[in-house]
Amino acid sequence: MGHDSHDHKPKGFVNRWLMTTNHKDIGTLYLVFAFAMFITGGAMAMIIRLELFQPGLQFVEPDFFNQMTTMHALIMVFGAVMPAFVGLANWMIPMMIGAPDMALPRMNNWSFWILPFAFALLGSTLFMDGGAPAGGWTMYPPLVLQGGKNVAYLVFAVHLMGISSIMGAINVIATIMNMRAPNVGYLNMPLFVWTWLITAFLLIAVMPVLAGAVTMLLTDRYFGTSFFNAAGGGDPVLFQHIFWFFGHPEVYIMILPSFGVVSEIIPTFARKPLFGYVSMVYATAGIAFLSFIVWAHHMFSVGMPLGGELYFMYATMMIAVPTGVKIFNWVATMWKGAMTFETPMLFSLAFVVLFTIGGFSGVMMALAPVDLQYHDTYFIVAHFHYVLVPGAIFAIIAAAYYWLPKWSGHMYSERLGKIHFWWSTISVNVLFFPQHFLGLAGMPRRIPDYSTQFAEFNMMSSIGGFAFGLAQVFFIYIVVKTVRGGKKAEANAWGDAKGLEWTVPSPAPHHTFDEFGPVDLKKMAHGEVH
Amino acid sequence: MDNGKQQKETRDHWHAQRKKARKTALILGVLALALAAWSVFVVLQKAAG
């Protein structure tokens, strides 16, 4: 199979970016948007850490602090991490399976262009009377309903984000199921494609549930219903059940594609095929299945029958099994490999180690009796930030370094990349590790002030936060510098990386795999295995 | 195979695949709507009971 070396890029900004149906351009739009949201959500995190630098109220009002914690989470989850992975999916999935584009290119354009409107709606609440939502990203009633006018904006923004995610997920599934090159079977697909296929099914299963739940919040607030209003016969705890039926799989929506990215990068720099490819696929599917049946571990402190507690405790602990399979396989892939430590590999290694720390604290919290002590403390904040920052975000950064030569046609500066890596890795641990101790000592989350006994660890955490924030500004410099110029990248930028994306020139032509025909399975990331 | 014939074959192939993809998308879209309705139905059922 060949590829079109002609570059038929549409002329003009509107045609190229607003009207685009090209998977690479839409992927770029998603990635740029996600990075802008990452910086916005990060700026809110800086405000939070600035206020927590010392005990006492220093810079912001408590209500504004609560708005910052809520908006930071909503923006990072729905605006940064999820769109970044959709961007990676758009760029890479068609190239990895030998497809000329996504299956539904017009819907792809729509999926992206809904997002800026969703976040404009959400962001506009910051300028309203009463301010932005301040009841936490979990939107628990009755607290969230006590917000001012922002409830309707929050709900419609979540609807739009949900529609965008569902359309994106439908497109990913339709593409993978129907647009693979003729001889590419499911078990020839790179693991990034597999993890995205499973993630897309998770998205379709849970985003509509969130949409249903927030719609009921809307009618409770504006139309006199009492779905979650105890005074009218409703049940606020029911919202928590529905929210976490969405919320727990959502965690895996953010982490499964990270597993896929790391599973592409480690074999390349260990110069060995991925160990246990099929078990990786089953482990991913196993984690996805378990994600549907563990939601109430987020709610142990609400109170439930002992049998329920035991069930959710053991079911949650079972997640450690397929996750352990994955970690074992990454380590076994590296075992006796001819390893080199380029920036994508460094970020992937940090992912494996630091995500595992987040996983371990997760197993601790799965224990119903001790969770009552951890609940709503900084221990929880430390846990989910370990899985999301050196977890999901490090995987996104690793992916950016790994595929940047393919996207831009230039190699980034390895020296700058390594500085970025060490700067980020040291600071992220200074930022989040002390939060474990704060939580164990009893510091509650979502508060702007605290007892003086927590002062030292909070100061350390804030210093780590500022350093980590600055490191990501440095990352912008590296990316912009690479896109603007630098050493030309070869088609196979890493020498002997496997995968169809490395068979097309760098930068990847605007149209790839226009001609239909079988691909050389030996060149696929995991094609050799079968 | 001459170039014109190959191009037509390629076009026909991707056309057929995209048609199948639209069917896949439709099924998944209906599934998503059904799940949204189901989540509301669960709450209504609890309210009624």
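Residues numbered from 1 in each chain as written. Chains lettered and ligands numbered in written order. Predicted model: local features only at pLDDT ≥ 70, side-chain atom pairs only at ≥ 80, totals over all residues. Heavy atoms only, no water.

## A few points about helix α13 (residues 378-408) of chain A
Given 3.6 residues per helical turn, the α-helix brings residues three or four places apart onto the same face. Residue and element names in this part refer to chain A. In the structure, α13 departs most strongly from a straight axis at Y402, where the bend amounts to approximately 45° and where the proline P405 lies between one and four residues downstream. For α13, a buried count of 30 out of 31 residues is recorded, marking the element as mostly surrounded by other parts of the structure. Sitting at the amino-terminal end of α13 is T377, which places a side-chain oxygen 3.1 Å from the backbone nitrogen of F379. Taken from the residues just after α13, G409 is the one with a positive phi, measuring 85°. (Bend = angle between axes of the 7 residues up to and from the residue. Helix = DSSP H or I, 4+ residues; strand = E, 2+ residues; numbered from the N terminus. Buried < 20%, exposed > 50% of the residue type's maximum accessible area, 1.4 Å probe, protein only. Polar contact = N/O pair within 3.5 Å; in protein donor to acceptor, adjacent residues only side chain to side chain.)

## A word on the interface of chain A and chain B
Across the boundary between the two partners, chain A contributes 32 residues, which contact 22 residues of chain B. Taking both sides of the interface into account, the surface hidden between chain A and chain B amounts to around 2,200 Å²; carbon and sulfur atoms contribute 77%. Counting the contacts that link chain A with chain B gives zero salt bridges. If you look at where chain A meets chain B, you find four residue pairs in polar contact (both at pLDDT 80 or more). Secondary-structure elements contributing two or more residues to the side of chain A that touches chain B are α5 (150-178), α6 (191-222) and α7 (236-270) of chain A. With seven residues, α6(A) is the single largest residue contributor to the side of chain A that touches chain B. A per-class count over the side of chain A that touches chain B returns 25 nonpolar, three polar and four charged. (Contact = heavy atoms within 4.5 Å. Buried area = accessible area lost by both parts, 1.4 Å probe. Salt bridge = Lys/Arg side-chain N within 4 Å of Asp/Glu carboxyl O. Nonpolar A, V, L, I, M, F, W, Y, C, P; charged D, E, K, R; others polar.)

## Section: unusual backbone geometry
Residues and elements named next belong to chain A. The residue after P141, namely P142, is reached through a cis peptide bond having omega 5°. By the element assignment, P142 lies in the loop between α4 (105-124) and α5. Here S506 and P507 are connected by a cis peptide whose omega angle stands at -5°. Secondary-structure assignment places P507 in the segment after α15 (455-484). A positive phi angle is found at M139, which is not glycine, with a value near 55°. Tracing the backbone shows M139 in the loop between α4 and α5. Accessibility expressed as a relative area gives 1% for M139, which makes it buried. The phi dihedral of D376 is positive, around 60°, even though this residue is not glycine. Mapped onto the secondary structure, D376 falls in the loop between α12 (368-374) and α13.

## Overview of the pattern of salt bridges
Residue and element names in this part refer to chain A. Under the defined criterion, the tally for this structure stands at three salt bridges over all chains. Between R16 and D25 there is a salt bridge, with its nearest N and O atoms 2.7 Å apart. For R16, a relative accessible area of 18% puts it in the buried group. Owing to a relative accessible area of 3%, D25 belongs among the buried residues under this scheme.

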